[in-house]
Amino acid sequence: MLMPILQIHSEDMPAYAIVCGDPARAEKISRKLEQVRELAFSREYRTFVGLYEGVQMAVVSHGVGSPGAAVCFEELIRAGVTTLIRVGTAGSYTADYPAGSVIVSTAAVRSDGLTRQLVPDGFPAVADIGVTQALIEAAQEKGDHADPAMDAGKVGVGITVTLDAFFTGVEEIPHRKYKQAGALAAEMEIAALYIVSTLRGARAGAIVAIDGFADSDLAAEYDPHTDAVAHAVEREINAALRALAALARQDQA
């Protein structure tokens, strides 16, 4: 069956997928797979499939923001994907997790508009506990890197915030309230991933690399292109790949 937006066929899709915003990042992740092939590049949605540690998995880009990302998640699940892990970047709410850190999202504050059209306001956006545990273990595992900086960033575990606005406007985003309540970072798609997956019977988790501060009290010049951020992105990608492979082995046991 053809997925009309992603332009992929369900018979080509494995049960496991990594999703990310940037099509270029999807291509970068795909280089870590064996026997990789590109299935489609439609709009912001770029799809690869291949093998990692013997596990067939997909890598798919979903663009920026919850509405377009939700289209991707919906079609992937309809195509047969049962486990999804998002890798991306986020702005930190705390000096404890500066740029170069990695955070595993256990749940997401639904401060987006998309999920309000899918579920009632009080319904939580929560990660699958098994996927979350696999991500935590994979993120804390030290890699075999010649450069120790690849494993230098801190690993946090906690609640993230999903927003629609990237730049500020007239209305103030209540970052301070989220911080006081214990949220660690802000990004733009995780709540959509968790809600769509819950509604459609899939399991999902997310890991993000911190590329700056979302808290105005910690305001600094935003530069997502530093070595520290690049190392964190590499670390989260490797963690997501290892976590998916571990989950697949558990499923097959």
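Notes on the structure follow. (Residues numbered from 1 in each chain as written. Predicted model: local features only at pLDDT ≥ 70, side-chain atom pairs only at ≥ 80, totals over all residues. Heavy atoms only, no water.)

## Brief notes about the pairing of strand S5 (residues 45-52)
Line of reasoning, step 1. Of all the eight residues making up S5, eight are buried; the element is thus mostly covered by neighbouring parts of the structure.
Line of reasoning, step 2. Side-chain alternation along S5 places Tyr45, Thr47, Val49 and Leu51 on one buried face and Arg46, Phe48, Gly50 and Tyr52 on a second face that is also buried.
Line of reasoning, step 3. Of the pairings in the sheet, the one linking strand S4 (residues 34-42) to S5 comprises six bridges and is antiparallel in character. Note on S5: the bridge partner recorded for serine 42 is tyrosine 45.
Line of reasoning, step 4. Two successive antiparallel strands, S4 and S5, enclose a turn made up of two residues, where arginine 43 displays a positive phi of approximately 55°.
Line of reasoning, step 5. Relative to strand S6 (residues 55-61), S5 runs antiparallel, the two sharing six bridges. Residue pairing across strands places glycine 50 opposite methionine 57, the latter belonging to S6.
Line of reasoning, step 6. With antiparallel pairing between neighbouring strands as the criterion, S5 and S6 make up a hairpin whose turn holds two residues, including glutamate 53 at a positive phi of roughly 50°. (Buried < 20%, exposed > 50% of the residue type's maximum accessible area, 1.4 Å probe, protein only. Helix = DSSP H or I, 4+ residues; strand = E, 2+ residues; numbered from the N terminus. Pairing = 2+ DSSP bridges.)

## Examining the pattern of salt bridges
When the charged atoms of two side chains with opposite charge come close together, those side chains can pair.
Line of reasoning, step 1. Using the criterion set out here, one finds eleven salt bridges in the structure.
Line of reasoning, step 2. Between glutamate 53 and arginine 249 there is a salt bridge whose closest N-O contact spans 3.1 Å. One end of the pair, glutamate 53, is in the loop between S5 and S6; the other, arginine 249, is in helix H6 (residues 227-252), and 196 residues separate them in sequence.
Line of reasoning, step 3. Its relative accessible area of 46% is what places glutamate 53 among the partly exposed residues.
Line of reasoning, step 4. Between glutamate 74 and arginine 200 there is a salt bridge; the shortest N-O distance is 2.9 Å. Within this pair, whereas glutamate 74 is found in helix H2 (residues 66-78), its partner arginine 200 is found in helix H5 (residues 190-200), the two being separated by 126 residues in sequence.
Line of reasoning, step 5. The class of arginine 200 is partly exposed, set by a relative accessible area of 41%. (Salt bridge = Lys/Arg side-chain N within 4 Å of Asp/Glu carboxyl O.)

## Examining the layout of surface pockets
Line of reasoning, step 1. Approximately 1300 Å³ is the volume attributed to the largest pocket.
Line of reasoning, step 2. Contributing to the lining of the largest pocket are 47 residues, with Gly91, Phe166, Phe213, Ala214 and Tyr222 lying nearest its centre.
Line of reasoning, step 3. Elements that contribute at least two residues to the lining of the largest pocket include exactly strand S7 (83-92), helix H4 (175-181), strand S11 (185-187), strand S12 (203-213) and H6.
Line of reasoning, step 4. Ranked by residues supplied to the lining of the largest pocket, first place goes to S7 with five residues.
Line of reasoning, step 5. In the lining of the largest pocket, the residues fall into 21 nonpolar, 13 polar and 13 charged. (1 Å grid on protein atoms, 1.4 Å probe; cavity = no way out; pocket = protein on both sides within 12 Å on 5 of 7 lines; lining within 4 Å. Points joined across faces, edges and corners; volume = space filled by probe spheres on them. Nonpolar A, V, L, I, M, F, W, Y, C, P; charged D, E, K, R; others polar.)

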